[in-house]
Structures are given as structure tokens and as C-alpha cells.
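Listed below, chain by chain, are the residues.
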Amino acid sequence: MLLKNLIRNISKDKKNFVISGLSANSKKVKKNYIFFAIKGKKFNGEKFIKDAVNKGASVVVCSKSCRFRDKSTLIIKTKKIRHLLSDVSSKFYKSKPKNILAVTGTNGKTSVSDLFYQILRINNIPVASIGTLGIKYNDKTIKTKLTSPDTITLHKSLDFLKNKKINNVIIEASSHGLHQQRLHHIKFKGGIFTNFSQDHLDYHKTMKSYLNAKLILFRKILSKKSTIISNGEIPTFKILNQIAKKKNFKILNVKKTFKKIENVDLKLNEDFKIKNLAMAIEASKLCGLKEQLIFRSLKKLKDVNGRLELIRRYPNDVKVFIDYAHTPDALLEALKSLKNN
């Protein structure tokens, strides 16, 4: 792809540079790559610019304070390097599935994603999920290290899935991923907000900053005619409702869906499982699946791995469960559910 199709305001003699790839990791750079030298909390990418150039990078994007100089390399300096990275990634990997949804919140992201994936698979609709469990599609799984993959991997994965003729994708949007603009420049059909409680204060420092990171999805990323799916019982719903009015989004309260699920014999005694399922149902409807077909498939659903999963039952009726609860609120919900069983 030509550089002029990826970045604006390039001098005439550089516009027709042929770009063969993108990377924010100097070790993965190849000939004619653009290297994004990002200053992170652990590593400063600007220290690896020379390595990237030696490996073949023809363009380097770095901060305004970057001092690297090389006559054979185009150096582009910017104040918004992460924003530019997501913009360029979206253009380089331009094929995208038609229906892309994002799910954020403190707990339940993986469960909602997996239930959505299962509902569509049961109905023979091509679907993929991207998150904690990896990139799942066609009953295959590609392992990933992060809940929300890095910007380049995310756009590359969406391009890959579209080429596999998958038009329905749900992405887990972590607060880190949203804050670091990994999900920018993706056209989402809708955003799901599960709940909000204490987590990740080592990174965000305050609960306010943590919540604001989650709300980036709704305030800055969702485009016109998007839909918000959430639970009217949570305090954050009021804020989401305000955003929906301001942005002219449609907002769906899954509270009504709870009652419909209760009429189906699913053996779901856990309140949080019903809430997660309600959001997955509304997400499935948003992708065009009829409610009748969704509810027919509910009895075929399997428990999400590691989410209050019964792994052993002993003769004396002792049960062993495994749960990946990693926050005080999630642990409390798990204990409440076990007490009621």
C-alpha cells in the first residue's frame, strides 16, 4: 500500500513509498514497514528506532521530542501517536466484518462474549469473539496475551475474519485497551456495558479515571446510529442514558429480557449468569437474529469455562467449582450464587 493512502500531509517525494507492514515492536519489523515508536509504561519504543531501521523500517512515527535522525528514513513526529496508529491500522487492514460489537464493564465481558458466540454458532451463523479466551471462530481458537489485543493485531484480526466470511464479531474492550486507543477507528454497531466495580486501580489510580476509561467506548468511539446495551439496574445506566441522548444513540435496557429468560427452564439460578445471557441475547438480536430462534437455542448453551464451573462432584454431595473471579464484586456474586445452590 502507498504511504499517501495511510498518512496525510506527506511531502510529494515520499507519498509513493510502498508500505509492506506495520509494527510497534522493533523485533517484528521487516523491509518497508512503518515503525511506531510508542512510549509505554514499561518500554520506550524510541530506544528501539535504530533497531527497527536496521531491520528495514522506511518510516518511523514518534513523539515530537524524538531526536532520531536518518537521511534514508522518513521520520514523522506527532503528539497523538496512538491515535495515528489506530487510524493507519484501520486503513492498512481495511476489510472489516459488517456487525462488530464491543463489550466493556468490570465483570462479565468474557461470559457475554462467549454466550453471544454460542447463540450464533448454534444457529449456524458465522461468528467470532475476541478477548480473554483468545480469537474464537469456526470452533477454532487463536491464543492472545491481552483481553483487548494491541491495535495492529486487532485490525489485522478483523481483516482476517472478514476474509473468512465472518460478519459478526464481538470484542472484549478492557479499560486498558480503551485508554490506550486500541479500539479507535473501528465502526461498531453497538456497545455493551455489563457493570462497574473496583478493579485496575494500579493503572487508573482512581475509580473516576477507571470509569472514564470504560466510557471512552460510548463517548468517543461509537458512531452515529449505534446502540448501547446495558442493565437499567446499575448506577452507570444513568450516565449511559445521558450519552445516548446527547449522541442520538439507541439504548436497550436488558431488564425486560430477564423475565423472558426466567420463563425458560435453563437451570440458571445465578443472577449474574442471567444478566450476562440477557445482554448476549440483545446483542444477537442487534445482529439480525430473530428472538424466536435465539430462545430456541438457549437450552443448548454450555457454561462458560471457568465461570462458576462445576468441575467435580463427590459421592457425599460435595461439589467443586472453579471461577475466575478477580474483583471483590465478582467474588461476592460467586459466593452468593454458591450459597443459594
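Colleague: For this particular structure, what's the right way to read the sheet that holds strand β3 (residues 59-62)?
Modeller: Strands belonging to one sheet form pairs held by backbone hydrogen bonds; the direction of such a pair is parallel or antiparallel. Spatial ordering of the open sheet is given by β1-β2-β3-β4, a layout of four strands whose pairing is parallel. Bordering the open sheet on either side are β1 (21-23) and β4 (74-77), each of which pairs with just one other strand. If you compare each strand with its neighbour and ignore which way they point, the axes differ by 20° on average. With three bridges joining them, strand β2 (residues 33-36) and β3 adopt parallel strand pairing. For isoleucine 34, the partnering residue across the bridge sits in β3 and is valine 59. Strand contacts of helix α2 (residues 81-92): β1, β2 and β3, with the helix running at about 155° to β2, the strand carrying the most contacts.

Colleague: Is there a simple way to think about the sheet that holds strand β5 (residues 99-104) in this case?
Modeller: Pairing in this open sheet of eight strands is mixed, and the strands run β8-β7-β6-β9-β5-β10-β11-β12 from one edge to the other. Each edge of the open sheet carries a strand with a single partner, namely β8 (140-142) and β12 (250-253). Each neighbouring strand pair of the sheet contributes to a mean axis angle of 15°, computed without reference to strand direction. Pairing analysis gives four bridges linking β5 to strand β10 (residues 190-193), with the strands arranged parallel.

Colleague: Please clarify how helix α10 (residues 271-286) should be interpreted in this entry.
Modeller: Between the first and last C-alpha of α10 there are 23 Å, a value that for 16 residues agrees with the 22 Å anticipated at 1.5 Å per step. Counting buried positions over the 16 residues of α10 gives 13, a clear majority of the element. Downstream of α10 by one or two residues, glycine 288 has phi in the positive range, about 100°.

Colleague: Just to check I follow, could you spell out the packing of aromatic side chains for this structure?
Modeller: Here a ring pair, both rings aromatic, is described through the centre-centre distance and the interplanar angle of the planes. Evaluated as defined, the whole model comprises four aromatic pairs. For the pair phenylalanine 92 and tyrosine 93, a centre-to-centre distance of 4.9 Å together with 80° between the ring planes defines the contact as edge-to-face. Accessibility expressed as a relative area gives 17% for phenylalanine 92, which makes it buried. Ring centres of tyrosine 137 and phenylalanine 160 lie 5.4 Å apart, and the angle between their planes is 85°; this geometry places the pair in the edge-to-face category. Residue tyrosine 137 is found in strand β7 (residues 134-137), and its partner phenylalanine 160 is found in helix α4 (residues 151-163); the two are separated by 23 residues along the sequence.

Colleague: Mind showing me how you'd approach unusual backbone geometry here?
Modeller: Note on backbone geometry: most residues besides glycine have negative phi, and most peptide bonds are trans. Of note in the backbone geometry, asparagine 138 takes a positive phi value of approximately 45° without being a glycine. Within the fold, asparagine 138 resides in the loop between β7 and β8. Exposure remark for asparagine 138: the relative accessible area of 31% places this residue in the partly exposed category. With phi around 65°, lysine 225 is a residue other than glycine that occupies positive phi space. On the basis of relative accessibility, which here comes to 79%, the residue lysine 225 falls in the exposed class.

Colleague: Just checking my understanding: could you explain helix α9 (residues 255-262) for this structure?
Modeller: Helical periodicity: at 3.6 residues per turn, an α-helix aligns residues three or four positions apart in one direction. Turning to α9, its buried residues number three or more, namely Thr257, Phe258 and Ile261. Around the axis of α9, the buried residues are gathered within 115° of arc, so they sit on the same side. Across from the buried face of α9, at angles greater than 90 degrees, the exposed residues are Lys256, Lys259 and Glu262. For α9, the secondary structure elements touched by its buried residues are α10 and α11 (291-297).

Colleague: Help me understand the side chain of threonine 227, please; the structure alone is not making it clear to me.
Modeller: With respect to the helices, strands and loops of the structure, threonine 227 is situated in strand β11 (residues 227-230). Ignoring anything within four residues of it in the chain, the contact list for threonine 227 reads Lys189, Gly190, Gly191, Leu222, Lys250, Leu252 and Leu286.

Colleague: Which parts of the structure should I look at to understand the environment of serine 297?
Modeller: By secondary structure assignment, the location of serine 297 is in helix α11. Taking the relative accessible area as the measure of exposure, serine 297 reaches 2% and is therefore buried. Along the primary structure serine 297 and arginine 121 are separated by 176 residues, whereas in three dimensions their C-alpha atoms are 9.6 Å apart. Discounting residues that sit within four places of it in the chain, serine 297 has contacts with Ile119, Ile122 and Asn123.

Colleague: Before we go on, may I ask you to explain the packing of α9 against α10 in this structure?
Modeller: For any two helices packed against each other, one specifies the crossing angle of their axes together with the interaxial distance. At a closest axis distance of 9 Å, the pairing of α9 and α10 adopts a crossing angle of 105°. Taken together, the axes of α9 and α10 are roughly perpendicular relative to one another. Taken together, the residues of α10 that come into contact with α9 (itself represented by Thr257, Phe258 and Ile261) are Ile274, Lys275, Leu277, Ala278, Ile281 and Glu282. Along the lines of polarity and charge, the residues of the contact of α9 with α10 split into six nonpolar, one polar and two charged.

Colleague: What is the right way to read the pattern of salt bridges from this model?
Modeller: Should their charged atoms come close, side chains of opposite charge can pair. Applying the stated criterion to the full structure yields ten salt bridges. Ionic pairing is found between lysine 91 and aspartate 87, a salt bridge with its closest N-O pair at 3.3 Å. On the criterion of helical spacing, the pair formed by lysine 91 and aspartate 87 is a turn pair, its members being four residues apart in helix α2. Here lysine 285 makes a salt bridge to glutamate 291, at a shortest N to O gap of 2.9 Å. The network of salt bridges with common partners includes Lys260, Glu282, Lys285 and Glu291.

Each value, and the rule that gives it
Within any chain, residue numbers begin from 1 and follow the written order of that chain's sequence. Where totals are concerned, whole chains, interfaces and linings use all residues; where local detail is concerned, this predicted model gives features only for residues with pLDDT of at least 70, and gives and counts side-chain atom pairs only at 80 or more. Heavy atoms from the whole structure form the basis of all side-chain values; hydrogens and water molecules are not counted. For two strands to pair, DSSP has to find at least two bridges joining them. In this description a helix means any DSSP run of H or I spanning at least four residues, a strand means any run of E spanning at least two, and both kinds are numbered starting from the N terminus. Between N-to-C directions, angles cover 0 to 180 degrees, with each direction set by a line fitted to C-alpha atoms, over the stretch in contact for helices. Contacts are assigned to residue pairs that have any heavy atoms within 4.5 Å of one another. Expected helix span is taken as 1.5 Å per residue step, with the number of steps being one fewer than the number of residues. Three exposure classes are used, based on accessible area relative to the maximum for each residue type with a 1.4 Å probe and protein chains only: buried under 20%, partly exposed in between, and exposed over 50%. Two rings from Phe, Tyr or Trp (for Trp, the six-membered ring) form a pair when their centres sit within 6.5 Å of each other. Planes less than 30 degrees apart are called stacked, planes more than 60 degrees apart edge-to-face, and all others tilted. To be clear, the arc concerns the directions from the helix axis to the C-beta atoms. For classification purposes, angles smaller than 35 degrees are called roughly parallel, those larger than 145 roughly antiparallel, those between 65 and 115 roughly perpendicular, and all remaining angles oblique. Throughout, the ten residues Ala, Val, Leu, Ile, Met, Phe, Trp, Tyr, Cys and Pro are labelled nonpolar, Asp, Glu, Lys and Arg are labelled charged, and all others, Gly among them, are labelled polar. Salt bridges are defined by distance alone: a side-chain nitrogen of Lys or Arg within 4 Å of a carboxyl oxygen of Asp or Glu.

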